[in-house]
Amino acid sequence: MQTNKLCVIMVVRNEGRYIEEAINSVLSKPDVIIYIVDDNSTDNTLEKILELKRQFEGRIIYAKNQLNGKVEAYRNIKNLPKANYYLFLDGDDFFSDDWVRFDENLKPNCVFYHDLTLFYSSTHYERLPSPDISRQSPETLIRSLVLLPKASWLVPQNLILNYLDIPKGVLFEDIWFSLVTYKFASKIEKLNHQWYMYRQHEDQVFGKQNQKGKAILEYRTQRILNSLEAIAVAREAFGEELTEPLKKFRILITMKPLLILVKLGVREFIVFLLKIRFPIMLLKIKRLMRRQK
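A. Structural view of the nonpolar core. By size, the foremost hydrophobic cluster in this structure holds 56 residues, and its most contacted members are Ile 133, Trp 153, Ile 160, Leu 179, Tyr 182 and Leu 228. Apart from the residues within four sequence positions on either side, Tyr 182 is in contact with Ile 133, Pro 138, Leu 141, Ile 142, Val 146, Leu 147, Leu 148, Trp 153 and Ile 188. Counting residues in hydrophobic clusters, the runner-up holds 33 residues, among them Ile 36, Ile 49, Leu 52 and Ile 60.

Now the structure itself:
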């Protein structure tokens, strides 16, 4: 089987409005193939995929999932084409022109990450800088539960099956992808490229960066806690490294400010209040701190 330089993995459902832009942006780079899993779309997503599959002969591989959700779709991927590196793209997002210019010789067996761009419209977008994880130990990253979106990662061939082996009970893939990186990557490096355009929708619940309110925060916190508990039960490899984040999120899920202050300290208390009332301010603070490093 031929080994490709780069393979983009995409799970989609009812993305007919954006899927052409997403696929065309990926395949604008000639040394790339795309593996698409359709999670039982009911709109014209499949029709557009098959039309582009004919246009880009041999560069689009298509599979179907039976409406089991995005995490289950990743877990059920079979016959993944061989590639030196794998990336992830959602069907409503796309790659910018910086993707075409990306032509680095990537070191083998190293996981790379890069910054994203929050895309609101063609005239409104902003950089989403990643935390500087390269300088922190894997143990610290796991215990602090530093999470990067799946869109941030370039994964080498020797690790991709670990990423797709998502334990039952994990509710979103970002937490698993980050933990696998910190646990199993021999080296992590940052790329000075920024090609991922992360589309922001008004109706997003989990992905939208500036939503506020106790109910939103509780929903997100519960998903993280449930996922952590599932990983702790299913994967002994993480051992005691998840003890601290589990303790932290079991306190955070109470949504009790005084308990959070007493048990977790002033910093977590302030972050908790900012997430509920002023998430945009918190995001600006994070971005400013990351850009100064």
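B. Structural context of the packing of helix H10 (residues 257-264) against helix H11 (residues 266-277). H11 packs onto H10 with a crossing angle of 150° between their chain directions and a minimal axis gap of 7 Å. With respect to H11, the element H10 is oriented roughly antiparallel. The residues of H11 that touch H10, namely those facing Pro 257, Ile 260, Leu 261 and Leu 264, are Val 266, Glu 268, Phe 269 and Phe 272.

C. Molecular detail of the pattern of salt bridges. Under the criterion given, the structure shown has 24 salt bridges. Note that Asp 115 and Lys 190 form a salt bridge whose closest N and O atoms lie 2.9 Å from each other. Here the residue Asp 115 occupies a position in the loop between strand E6 (111-113) and strand E7 (116-121), and Lys 190 occupies one in strand E10 (residues 188-190), the gap between them amounting to 75 residues. Its relative accessible area of 4% is what places Asp 115 among the buried residues. On the basis of relative accessible area, Lys 190 is assigned to the partly exposed category, the value being 32%. Residue Lys 150 pairs with Glu 173 through a salt bridge whose shortest N-O separation is 2.8 Å. Of the two residues, Lys 150 sits in the loop between helix H5 (138-143) and strand E9 (153-156) while Glu 173 sits in helix H7 (residues 173-184), which places them 23 residues apart along the sequence.

Rules used in this analysis
Starting from 1, residues in each chain are numbered consecutively following that chain's sequence as written. Local features in a predicted model are, by the rule used here, given only for residues with pLDDT of at least 70; side-chain atom pairs are given and counted only at 80 or more, and totals for whole chains, interfaces and linings are based on all residues. Excluding hydrogens and water, the side-chain values take into account all heavy atoms of the structure. Among buried residues, those of type Ala, Val, Leu, Ile, Met, Phe, Trp, Tyr and Cys that are joined through side-chain atoms within 4.5 Å constitute a nonpolar core. For every residue, the accessible area obtained with a 1.4 Å probe (protein chains only) is divided by the maximum for its type, and the residue is called buried under 20%, exposed over 50%, and partly exposed between those limits. Contacts were defined at the residue level, with two residues in contact if any of their heavy atoms lie within 4.5 Å. Here, axes are lines fitted to C-alpha atoms. For helices the fit covers the stretch in contact, and angles between N-to-C directions go from 0 to 180 degrees. Each helix is a run of H or I in the DSSP string that is no shorter than four residues. Each strand is a run of E no shorter than two, and both are numbered from the N terminus. Each angle receives one of four descriptions, namely roughly parallel if under 35 degrees, roughly antiparallel if over 145, roughly perpendicular if within 65 to 115, and oblique otherwise. Between Lys or Arg on one side and Asp or Glu on the other, a salt bridge is scored when a side-chain nitrogen of the former is within 4 Å of a carboxyl oxygen of the latter.

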